Amino acid sequence: MPSYSVTVATGSQWFAGTDDYVYLSLVGSGGTSERHLLDKPFYDDFERGAIDTYDVTVTEDLGEIQLIKIEKRKYWFPDDWYLKYVTVKTPMGDYLEFPCYRWITDDKEVVLRDGRAKLSADDKTQVLKHHRRKELEDRQKMYRWAEWHPGFPLNIDAKSHKELPRNIQFDSEKGVDFVLNYTKAMENLYVNRFMHMFQSSWSDFADFEKIFVRISNTISEYVMQHWQEDFMFGYQFLNGCNPVLIQKCTELPKKFPVTTEMVECSLERNLTLEEEIKQGNIFIVDYELLDGVEGNKTDPCTVQYLSAPVCLLYKNLEKKIVPIAIQIKQAPEPENPIFLPSDAKYDWLLAKIWVRSSDFHVHQTVTHLLRTHLISEVFGVAMFRQLPSVHPLFKLLVSHVRFTIAINTKAREQLICEYGLFDKANATGGGGLAQILQRAMKHLTYSSLCFPEEIKARGMESTEDIPYYFYRDDGLKVWEAIKSFVTDVVDLYYDSEEMVSEDVELQAFVKDVYVYGLRGTKASGFPKTIKTRQKLSEYLTIVIFTASAQHAAVNFGQYDWCSWIPNAPPTMRRPPPTEKGSVTIEYIVESLPDRGRSCWHLGAVWALSQFQENEVFLGMYPDEHFIEKPVKEAMRKFRKNLDEITSCIAERNRNKKLPYYYLSPDQIPNSVAV
């Protein structure tokens with residue numbers, strides 16, 4: 001009688017093993033085997049990290065093996081099991097691989113196909129077509145779209161982490177509990193003794209060191225020492241944690257009536273302001289998105305303020321970017337003066353602090369939350385709903401949505417919900433976040449997620465004119481590496497443009513993203529369909545780059561740049577000055593966050609800047625969803641390209657006082673997971 005050798009690999013994460021009964025059936029072109037209990041006498045099967053082998057004997061030749069069925073039946077109490085893969089050695093000596101990489105819960109049957117990636121058009125038998133269709137039907141029942149807040153991209157239908165499908169939950173929920181993580185942060189940062197001091201102001205700038213000095217690092221300490229300098233202020237628009245707002249100024253907006261006379265002491269080329277603009281030396285950052293948003297009112301004891309500054313910057317003869325004019329509110333009027341470097345020291349300093357505070361709000365709400373977290377969740381939910389596990393694009397993307405839906409669900413549960421942790425320290429809490437995000441949705445376009453196009457749209461592409469824009473330089477290298485890899489994979493499975501346009505599952509995925517994620521907004525520029533391999537490669541590059549590199553660039557520098565509170569105040573407790581010459585050091589300190597809110601803020605940026613345990617970085621694919629050699633060769637080429645970028649960045653950073661490493665591939669996680 002024919003005998004098959006079956007190898008079963010159990011995951012190595014906590015509680016991955018099981019004591020339940022596990023049965024296996026083989027489904028071939030010539031018939032289906034009986035259900036076999038996988039069990040060895042006097043042996044503990046399916047332990048965490050184990051690889052177990054069994055002989056399965058059948059009564060007749062099954063022909064070509066098409067599917068395997070795995071059943072788990074309760075032995076004593078409910079016991080989830082993480083199955084990595086199954087391999088089958090046939091009587092003819094052939095090896096078949098069946099990737100799983102998922103949890104098997106309750107008393108369920110899981111049907112697996114062999115690991116060769118297939119488009120729907122490749123399936124010729126009814127058995128395979130039915131399996132493909134059934135998997136998507138089941139997934140679409142589990143992964144349902146829901147609206148958490150009007151005007152936001154749609155998200156998964158789950159009110160808590162526990163309601164999520166088991167396969168996208170965190171392995172350990174405690175590891176992503178924001179309340180526990182904040183508490184841990186407070187302990188690590190030695191700031192518990194200040195936590196009760198809401199409404200209690202700091203004495204002066206040096207007083208902030210009481211919650212800072214014990215946990216400083218190279219960059220954060222440099223920020224603390226130099227934050228008041230114009231160079232440091234300008235540098236952050238290029239290489240801080242929100243390097244996406246600065247743009248070349250081609251014409252001064254009428255609402256910002258800066259004149260040559262105002263700024264001539266800052267201009268170094270003996271040119272008028274208009275001439276400097278024509279030569280490409282003037283840049284602008286406009287926080288119009290914040291205009292009219294009300295400050296946080298959840299704490300009746302503290303009035304909190306928001307403003308919408310406009311900031312003009314200048315490229316000096318050293319080709320460094322420095323500020324030359326700031327208007328704290330949008331409308332030009334006598335009570336909204338334009339502040340200048342030539343003004344009194346504290347006038348100019350407070351104007352810069354208002355810009356830094358506004359930058360923090362736009363960064364957290366738009367750059368970070370909307371444009372990495374929420375859009376990556378859209379890609380993830382659409383992928384699970386429309387791409388079966390055998391589809392090559394599912395295999396390509398699944399590692400790049402790992403834990404994304406889970407972290408976002410946890411954030412909606414604890415962080416950005418009403419009276420959540422976000423409300424405690426931020427001026428945009430209590431409804432402001434929602435207002436800003438709704439406005440920002442109008443600017444969430446396909447081209448703005450395409451990294452090279454976004455850089456060009458802001459006029460920031462010239463390495464000669466703007467030589468110290470490391471975010472741009474490193475980002476373009478990583479973008480090209482991802483695009484090259486994606487193109488290699490696409491070309492392996494799509495021989496023609498017709499294969500792209502006729503892939504109904506791909507088209508359903510793209511449509512789901514457009515209809516639900518972008519709410520069917522034509523102005524978003526997101527495609528409803530994709531018809532060419534080139535466009536498909538670009539689309540997939542956006543998905544992967546956003547989830548990996550873009551998130552890394554705007555997330556993991558938060559502690560570096562925001563831990564020194566005066567450099568990134570999460571709230572302001574005094575209104576903007578309405579005249580020059582009235583600002584004192586006391587007024588500035590009273591404007592900055594109180595002791596309690598400072599501690600909450602510090603805990604937040606510390607927790608958000610930490611990598612996950614067992615983080616998986618760009619180019620690493622430990623779950624082998626692909627089994628084909630050409631794809632594995634493409635992965636090796638991808639890793640080689642990334643290694644070269646890592647070495648190049650390390651060499652550039654050598655001996656730098658302000659190294660830029662957020663887009664070094666060895667520092668870029670595969671997915672949004674924190």
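Each value, and the rule that gives it
- Residues numbered from 1 in each chain as written.
- Predicted model: local features only at pLDDT ≥ 70, side-chain atom pairs only at ≥ 80, totals over all residues.
- Heavy atoms only, no water.
- UniProt positions renumbered as here; feature names shortened; annotations may be inferred.
- Helix = DSSP H or I, 4+ residues; strand = E, 2+ residues; numbered from the N terminus.
- Rg over C-alpha atoms; globule rule 2.2 N^0.38 Å.
- Buried < 20%, exposed > 50% of the residue type's maximum accessible area, 1.4 Å probe, protein only.
- Contact = heavy atoms within 4.5 Å.
- Areas by Shrake-Rupley, 256 points an atom, 1.4 Å probe, with all protein chains shown as cover.
- Patch = residues over 30% accessible without salt bridge, like charges linked within 9 Å, V, L, I, M, F, W, Y side chains within 5 Å.
- Salt bridge = Lys/Arg side-chain N within 4 Å of Asp/Glu carboxyl O.
- Axes fitted to C-alpha atoms, helices over the stretch in contact; angles between N-to-C directions.
- Parallel < 35°, antiparallel > 145°, perpendicular 65-115°, else oblique.
- Left-handed = near helix turned anticlockwise from the far one by under 90°.
- Nonpolar A, V, L, I, M, F, W, Y, C, P; charged D, E, K, R; others polar.
- Core = buried A, V, L, I, M, F, W, Y, C linked by side-chain atoms within 4.5 Å.
- Pairing = 2+ DSSP bridges.
- Expected span 1.5 Å × (residues − 1).
- Polar contact = N/O pair within 3.5 Å; in protein donor to acceptor, adjacent residues only side chain to side chain.

The protein carries the name Polyunsaturated fatty acid 5-lipoxygenase in an unreviewed UniProt entry, which gives Podarcis lilfordi as its organism. Annotation of the protein in UniProt includes, under Pathway (unreviewed entry), the sentence "Lipid metabolism; leukotriene A4 biosynthesis." According to UniProt, the comment filed for the protein under the heading Sequence similarities (unreviewed entry) is "Belongs to the lipoxygenase family."

### Some details on the overall build of the protein
Regarding its fold elements, the protein presents 21 helices and 16 strands. Scaling as 2.2 N^0.38, a compact globule of 674 residues should have a C-alpha radius of gyration of about 26 Å, and the protein matches this with 28 Å. Dimensions of the protein, computed from the C-alpha atoms along their principal axes, are close to 95 × 55 × 45 Å. Taking all 674 residues of the protein together, 60% fall into the buried category. For the protein, long-range pairs separated by at least 24 residues make up 75% of all intrachain contacts whose partners lie at least 6 apart in sequence. Approximately 27,900 Å² of the protein is accessible, and the part contributed by carbon and sulfur atoms is 50%.

### A short note on unusual backbone geometry
You will see that F15, though not glycine, has its phi angle at about 60°, which is positive. Looking at the element boundaries, F15 is found in the loop between β1 (3–10) and β2 (21–28). For F15, a relative accessible area of 69% corresponds to the exposed category.

### Observations concerning a nonpolar patch on the surface
Residues Y21, L37, Y75, W76 and F77 make up a contiguous nonpolar surface patch of about 620 Å² in total accessible area. Among the structural elements, Y21 can be located in strand β2.

### Thoughts on the packing of helix α4 (residues 230–239) against helix α7 (residues 345–386)
Between α4 and α7, the least distance of the axes is 12 Å, while the angle of their chain directions is 20°. Taken together, α4 and α7 sit at an angle that is classed as roughly parallel. For the element pair α4 and α7, the recorded crossing hand is left-handed. Listed contacts from α7 to D230, F233, Q236 and F237 of α4 are W348, K352, V355, R356 and D359. Here the contact of α4 with α7 is built from residues that sort into four nonpolar, one polar and four charged.

### Focus on the nonpolar core
By size, the foremost hydrophobic cluster in this structure holds 158 residues, and its most contacted members are I246, L396, F509, Y539 and W561. By residue number, the principal contributor to this core is α7, which donates 20 residues. Discounting chain neighbours no more than four positions away, the residues touching F509 are F379, A382, M383, Q386, L387, L397 and Y539. Core analysis: the next-biggest nonpolar cluster, separate from the first, contains 25 residues, I70, V86, F98 and L112 among them.

### As for the UniProt feature "binding site: Fe cation" (unreviewed entry) in the protein
Mapped onto this numbering, the UniProt entry annotates "binding site: Fe cation" (unreviewed entry) at H368, H373 and H551. Look at the named residues: they lie 184 residues apart in sequence, but the longest C-alpha span between them is just 7.8 Å, so in the fold they bunch up. Checked against the element boundaries, H368 lands in helix α7. Aside from chain neighbours lying at most four places away, what touches H368 is H363, H373, H551, V554, N555 and Q558. Mapping H373 onto the fold places it in helix α7. On the basis of relative accessibility, which here comes to 7%, the residue H373 falls in the buried class. Ignoring anything within four residues of it in the chain, the contact list for H373 reads H368, T404, I407, N408, H551, V672 and V674.

### What about the sheet that holds β1?
Taken together, the four strands give an open sheet; going across it, the order is β5-β1-β7-β8, and neighbouring strands pair in antiparallel fashion. Edge positions in the sheet fall to β5 (51–57) and β8 (95–104), since each has one partner strand and no second. When strand polarity is set aside, the average angle formed by the axes of neighbouring strands in this sheet is 20°. Strand direction decides the pairing type here: β1 and β5, joined by seven bridges, are antiparallel. Each bridged residue has a counterpart across the sheet, and for T7 the counterpart in β5 is T53.

### A few points about the UniProt feature "site: Essential for stabilizing binding to COTL1" (unreviewed entry) in the protein
In the numbering adopted here, UniProt assigns the feature "site: Essential for stabilizing binding to COTL1" (unreviewed entry) to W103. Tracing the backbone through its elements, the reader meets W103 in strand β8. Since its relative accessible area comes to 6%, W103 is described here as buried. W103 has contacts with Q13, W14, F15, A16, D80, W81, Y82, R166, N167 and D171, leaving out every residue within four places of it along the chain.

### Focus on the packing of helix α1 (residues 126–142) against α7
Close contact between α1 and α7 brings their axes to 7 Å; oriented N to C, the two are set at 140°. On the basis of the axis angle, α1 is oblique to α7. Two secondary-structure elements touch here, α1 through L136, R139 and Q140 and α7 through M383, F384, R385 and Q386. Looking at the contact of α1 with α7 residue by residue, the classes come out as three nonpolar, two polar and two charged.

### Some remarks on the pattern of salt bridges
Under the definition given, this model contains 35 salt bridges. For R636, the salt bridge identified is with E633, shortest N-O distance 2.9 Å. Here R636 pairs with E633, and both are found in helix α21 (residues 629–653), just three residues apart, close to one helical turn. A single network of salt bridges, built from pairs that share partners, joins R113, D123, R132 and E505.

### Points about helix α16 (residues 504–517)
Taking 1.5 Å of rise per residue, 14 residues should cover 20 Å, and α16 covers 19 Å from first to last C-alpha, within 8% of that figure. If you check which residues of α16 are buried, you get E505, L506, Q507, F509, V510, D512, V513, Y514 and G517. Tucked into the core, α16 has its buried residues touching α1, β10 (145–146), α7, α8 (392–397), α15 (497–501) and α17 (533–555). A side-chain oxygen of the first residue of α16 lies 3.2 Å from the backbone nitrogen of E505; this N-cap is D503. In the stretch just after α16, R519 is the one whose phi turns positive, near 55°.

### Some details on the pairing of β1
Successive residues of a regular strand alternate their side chains across the two faces of the sheet. Most of β1 sits out of view: six of its eight residues are buried. In this sheet, strand β7 (residues 81–89) lies alongside β1 in antiparallel orientation, the contact comprising six bridges. Residue pairing for β7: A9 is matched across the bridge by Y85.

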